[in-house]
Amino acid sequence: MHSDTNIYPIIALVFLALFIIAKLGLLRNLDVMFLSREKKWTLKKFFGKHFHYYNQLSEKDRSKFIIRAYKLAKYIKIEGRQEFIVTDAVKLFVVAAHVQLTLGFDQYILPKFRTILIYPDAYKNKMTGKMHYGEINPRGVIVLSWKKLVKGHKIPDDKINLGLHEIAHALMHTIIHSNDHEIGLDPYLRDIVRLSRKEMEKIKNDDLHFFRKYAGTNIYEFFAITVEYFFEVPSEFKTELPILYQYMVKLLKQDLA
Ligand SMILES: [Zn+2]
């Protein structure tokens, strides 16, 4: 038998396979497709009330924001500690900083960081014996003080935002230690680290540096604080440290200034 008579069933099979793959992709988003108009309205009202960042977005990005927040609130395991009660509203509040930091990405999930523990306020870290407000650990757990998290979002321009700070640590850890993230971020992070080291030297010798002193602690804290300033005072950041600002725009694919 001549071989090219058999090509049509193969083409048909390829199309069938593509159809099934597309269907499966749709199924994964089924819960979002069935988000009712009322639910979307409730989510928009919730984020509009509590998040300055959300209110700065275009209508299109607001829709993207609420859908991602809704998905992440289901995807990430969020647990209370010291009798802190985790409600649906708490979950949405907790994932907001994650959605904000990664809104410019196509791949916005940080696969390793799937657990968040919430304490009512500062808690004692067993390793250090010190009181903490938040931390991430390399096993993929993020820990947050609820009181400090809320305060961080409530005052949008004091350059302190616990949620953004900790999720920035998680993003940096993900870029450095895995390949399972938005593609193309590594060279931008390398440039940011190179520039940051120069700024860290300046911070040590200058009490009036644009960034708070804690940024000089190490490169990880410097990056987390860079993220806080990037979102809370973008115009000042752009004026004071224009090159670093531009690299942050490239990394995060957002520009609020
Ligand atoms: Zn930190």
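Residues numbered from 1 in each chain as written. Predicted model: local features only at pLDDT ≥ 70, side-chain atom pairs only at ≥ 80, totals over all residues.

Caption draft 1: Broad picture of the nonpolar core. The biggest cluster of nonpolar side chains holds 57 residues, and the ones touching the most others in it are Ala69, Val95, Ala96, Leu101, Ala168, Val227 and Met248. Here Leu101 is in contact with Leu164, Ile167, Ala168, Leu171, Val227 and Leu252, once residues within four sequence places are set aside. (Core = buried A, V, L, I, M, F, W, Y, C linked by C-beta atoms within 7 Å. Buried ≥ 20, exposed ≤ 12 C-beta atoms within 10 Å, placed from the backbone. Contact = placed C-beta atoms within 7 Å.)

Caption draft 2: Focus on the sheet that holds strand 2 (residues 115-119). Taken in spatial order, the 4 strands make up an open sheet running 1-2-6-5, and their pairing is mixed. Of all strands in the sheet, those bounded by a partner on one side alone are strand 1 (77-80) and strand 5 (134-137). Within this sheet the neighbouring strands show an average axis-to-axis angle of 15°, counted without direction. Bridge count for strand 2 against strand 6 (residues 141-145) is 5 bridges, and the pairing is parallel. Along strand 6, the bridge assignment pairs Ile116 with Ile142. The strands touched by helix 8 (residues 162-177) are strand 5 and strand 6; relative to strand 5, the strand with the most contacts, the crossing angle is about 15°. (Pairing = 2+ DSSP bridges. Helix = DSSP H or I, 4+ residues; strand = E, 2+ residues; numbered from the N terminus. Axes fitted to C-alpha atoms, helices over the stretch in contact; angles between N-to-C directions.)

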